[in-house]
Amino acid sequence: MQTSLTETLRATTDGRNAEAILRSCVHCGFCNATCPTYQLLGDELDGPRGRIYLIKQVLEGAPATTSTRLHLDRCLTCRACETTCPSGVRYGELLDIGRAHIERQKRRSLPDSTVRWLLRRVLPYTARFALLLRIGQALRPLLPPWLRASVPAQRSAPDWPVSTHQRRVLLLDGCVQPVLAPDINAAAARVLDRLGINAVRVPQAGCCGALSHHLNAGAEAHAHMRNQIDALWPPIEAGCEAIISTASGCGVHIKEYGRLLRDDPDYADKAARVAALCRDISELLAGEDLSRLKPAPHVPKRIVFQSPCTLQHGQRLNGTVEKLLQGLGFELLPVADAHLCCGSAGTYSILQR
C-alpha cells in the first residue's frame, strides 16, 4: 500500500511504524472473513481493511470525523485478522497508533468522555471496584431482573497452598479478577503446588495498564505499566523463573511491554525483560509433567472450551489449552465459529451496546 504520511508524523517512532505496517498491507481482504464486526454489520469500514484505509487517511492529514472514530471504536481488538493475514500486517499496533492520533485530534462528547473516565477510575483499582460491586450485590434483590442478571453473586476467596518449593513463579492478581473470580488464581496456585512450583503473589503490582491503553489514555497506561514493573522487579532479580497470568487479556498486554515502553530510557530494558518472562499459565503447564494431575472421578469428562481471542490471536497459543485438556483425559466438544470473538473485549461490552 502506497503512503504519504505527513513529514511531522514520519519523524516519530509511531509514524515510521505506521508507515511500515501500512506498506505491508496488500488489500487482499482475507481479514474481513474472520472479523466479527464485518460479519455482523457487512460494512467495509467495520472490517480491518476499511479501518486501515481510515487510519491511513487520518495519518496522511485528512481530518478525523465522528464517523471515523465510530468505526475504530467498533473494533473489538480481537486480532483475528492478524491470524488470518497472509502478509503479517500488525493491525493491532496500527490501530493503537490510529486511535491515539484521532483522540488527540478530535475531542469526545462529554457523556462519552465521562463514562470512559469513570471506567479508568474504578476498574483498574481492586479496592474501588470491590466496594462498588459489594454495594451492587447487597442491593441485588431490589434490582430489576435485567440489571440483576448483570450483578454476579459474591464469591469467597479460597485459601492458597502453603508451599516451600525451590521453583518460584510470580502469579499476577490483576485488578478485576480478584473480585469477580478469586477462585481462579487460588486453583492455579494449587495446580502449581502439585507440580512443585511456588506461586508468589505481588499484590502491589496492580493493573497491567491494558484498560487505560485500550481507552486511549496513553500516559495513564504507561504509569500503570511502570508501577507493575517496579513491583515485579525485586522478585525477578531474586530468581523467579516466570511471570504467570491466568487472564489472557493481561498476558497479551504484558508481553507487549517491550514495544510499548521502547522509548522510555528508564524502563525500556526492564519492560523488555518483563515481557520476555511473561507466560500464560497454559504455556507453563505445557512444559511440565502433568502425570500428577488427575481429574477427580466426579468431574465431567465431556466439556466445551473456547479459546479467548487474547489467547488464540493475541498470544498465538491456539490449541495449547486444548492439548492439555485432552492429555488429561477430557473430550472436547466442537464449538461453532470458535475463532470469532465472544464480544466482551474488556470495556467494549460496556461502551458498545
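Residues numbered from 1 in each chain as written. Predicted model: local features only at pLDDT ≥ 70, side-chain atom pairs only at ≥ 80, totals over all residues. Heavy atoms only, no water.

**Quick look at the overall build of the protein chain**
Here comes step 1: Of regular secondary structure, the protein chain possesses 21 helices and six strands.
Here comes step 2: In terms of overall size, the protein chain behaves like a compact globule, its C-alpha atoms giving a radius of gyration of 21 Å where 353 residues would be expected to give roughly 20 Å.
Here comes step 3: Considering only C-alpha atoms, the protein chain reaches an extent of 60 × 50 × 40 Å along its principal axes.
Here comes step 4: Sequence separation of at least 24 residues holds for 73% of the intrachain contacts in the protein chain that already meet a minimum separation of 6. (Helix = DSSP H or I, 4+ residues; strand = E, 2+ residues; numbered from the N terminus. Rg over C-alpha atoms; globule rule 2.2 N^0.38 Å. Contact = heavy atoms within 4.5 Å.)

**Description of helix α8 (residues 110-122)**
For the α-helix, the turn length of 3.6 residues means that residues three or four positions removed from each other point alike.
Here comes step 1: The end-to-end C-alpha distance of α8, which contains 13 residues, comes to 18 Å, matching closely the 18 Å that a straight helix rising 1.5 Å per residue would cover.
Here comes step 2: Looking only at α8, the buried set comprises R116, L119, R120 and V122.
Here comes step 3: Contacts from the buried residues of α8 go to α5 (66-73), α9 (126-138), α13 (210-214), α14 (218-237) and α21 (348-351). (Expected span 1.5 Å × (residues − 1). Buried < 20%, exposed > 50% of the residue type's maximum accessible area, 1.4 Å probe, protein only.)

**Description of the sheet that holds strand β4 (residues 278-280)**
Here comes step 1: Read from one edge to the other, the open sheet built from four strands follows the order β2-β1-β3-β4, with strand pairing classed as parallel. Pairing within the sheet leaves two strands with one partner each, and these edge strands are β2 (197-200) and β4. Adjacent strand axes in the sheet meet at a mean angle of 40 degrees when their direction is disregarded.
Here comes step 2: As paired strands, strand β1 (residues 167-171) and strand β3 (residues 243-245) are joined by two bridges and run parallel to one another. Bridge assignment links L170 to a residue of β3, and that residue is I243. (Pairing = 2+ DSSP bridges. Axes fitted to C-alpha atoms, helices over the stretch in contact; angles between N-to-C directions.)

**Considering the nonpolar core**
Here comes step 1: In terms of nonpolar packing, the biggest core is built from 25 residues, with I229, L232, I236, I243, Y257 and V274 touching the most fellow members.
Here comes step 2: Top contributing element to this core by residue count: α14, with seven residues. (Core = buried A, V, L, I, M, F, W, Y, C linked by side-chain atoms within 4.5 Å.)

**What about the confidence of the model for the protein chain?**
Here comes step 1: Confidence in the prediction of the protein chain, expressed as mean pLDDT, is 91, and 100% of residues score 70 or more.
Here comes step 2: Predicted confidence in the protein chain is weakest over helix α10 (residues 145-148), with a mean pLDDT of 81, and strongest over helix α17 (residues 268-277), with 97. (pLDDT = per-residue confidence, 0-100.)

**Describing unusual backbone geometry**
Here comes step 1: For H27, which is not a glycine, the phi torsion comes out positive at approximately 65 degrees.
Here comes step 2: Among the structural elements, H27 can be located in the loop between α2 (13-24) and α3 (36-41).
Here comes step 3: Not every positive phi belongs to a glycine, and R316 is a case in point at roughly 55 degrees.
Here comes step 4: On the secondary structure map, R316 appears in the loop between α19 (309-314) and α20 (320-327).
Here comes step 5: Taking relative accessible area as the criterion, R316 reaches 48% and is therefore assigned partly exposed.

**Here's the deal with the pairing of β1**
Here comes step 1: Bridge count for β1 against β2 is four bridges, and the pairing is parallel. Paired with L170 across the bridge in β2 is V200.

**Some words on the pattern of salt bridges**
Think of it this way: side chains of opposite charge can pair up when their charged atoms draw near.
Here comes step 1: Inspection of the entire model under this criterion finds 28 salt bridges.
Here comes step 2: Close ionic contact of R10 with E19 constitutes a salt bridge, the shortest N to O distance being 3.9 Å.
Here comes step 3: The exposure class assigned to E19 is buried, which follows from its relative accessible area of 15%.
Here comes step 4: The closest approach of N and O atoms between D96 and R259, which form a salt bridge, is 3.5 Å. Of the two residues, D96 sits in helix α7 (residues 91-105) while R259 sits in helix α16 (residues 257-260), which places them 163 residues apart along the sequence. (Salt bridge = Lys/Arg side-chain N within 4 Å of Asp/Glu carboxyl O.)

**Here's the deal with the packing of helix α4 (residues 48-59) against α5**
Here comes step 1: With their axes 10 Å apart at the nearest point, α4 and α5 run at an angle of 135 degrees to one another. Relative to α5, the element α4 is oriented oblique. The element α4 and its partner α5 pack so that their crossing is left-handed. For the pair formed by α4 and α5, the contact residues are R51, L54, I55 and V58 on the first element and T68, H71 and L72 on the second. (Parallel < 35°, antiparallel > 145°, perpendicular 65-115°, else oblique. Left-handed = near helix turned anticlockwise from the far one by under 90°.)

**Points about the environment of A64**
Here comes step 1: With respect to the helices and strands, A64 occurs in the loop between α4 and α5.
Here comes step 2: Counting along the chain gives 42 residues from A64 to K106, while the straight-line C-alpha distance between them is 6.6 Å.
Here comes step 3: Apart from the residues within four sequence positions on either side, A64 is in contact with V58, I102, Q105 and K106.

**Things to note about the environment of V179**
Here comes step 1: Its location among the elements puts V179 in helix α11 (residues 177-180).
Here comes step 2: What makes V179 buried here is its relative accessible area of 5%.
Here comes step 3: The spacing of V179 and L131 is 48 residues in sequence and 9.6 Å in space, taken between C-alpha atoms.
Here comes step 4: For V179, the contacting residues outside a window of four places in its chain are T126, F129, A130, L133 and R134.

**Description of the packing of aromatic side chains**
Here comes step 1: Tallied over the full model, the rule gives zero aromatic pairs.
Here comes step 2: A cation over a ring is seen here: R128 above Y125, with NZ or CZ 3.9 Å from the ring centre.
Here comes step 3: Sitting over the face of the ring of W160, R201 holds its NZ or CZ atom 4.3 Å from the ring centroid. (Phe/Tyr/Trp six-rings, centres within 6.5 Å; stacked < 30°, edge-to-face > 60°. Lys NZ or Arg CZ within 6 Å of the ring centre and 35° of its normal.)

**Some thoughts on the packing of α14 against α17**
Here comes step 1: Where α14 meets α17, the axes come as close as 11 Å, and the angle between the chain directions of the two elements is 70 degrees. By the angle between their directions, the pair α14 and α17 is classed as roughly perpendicular. You can see that α14 and α17 cross each other, and the crossing is left-handed. In contact with I229, L232, W233 and I236 of α14, α17 contributes K270, A271, R273, V274 and L277.
Here comes step 2: Residues of the contact of α14 with α17, tallied by class, amount to seven nonpolar, no polar and two charged. (Nonpolar A, V, L, I, M, F, W, Y, C, P; charged D, E, K, R; others polar.)

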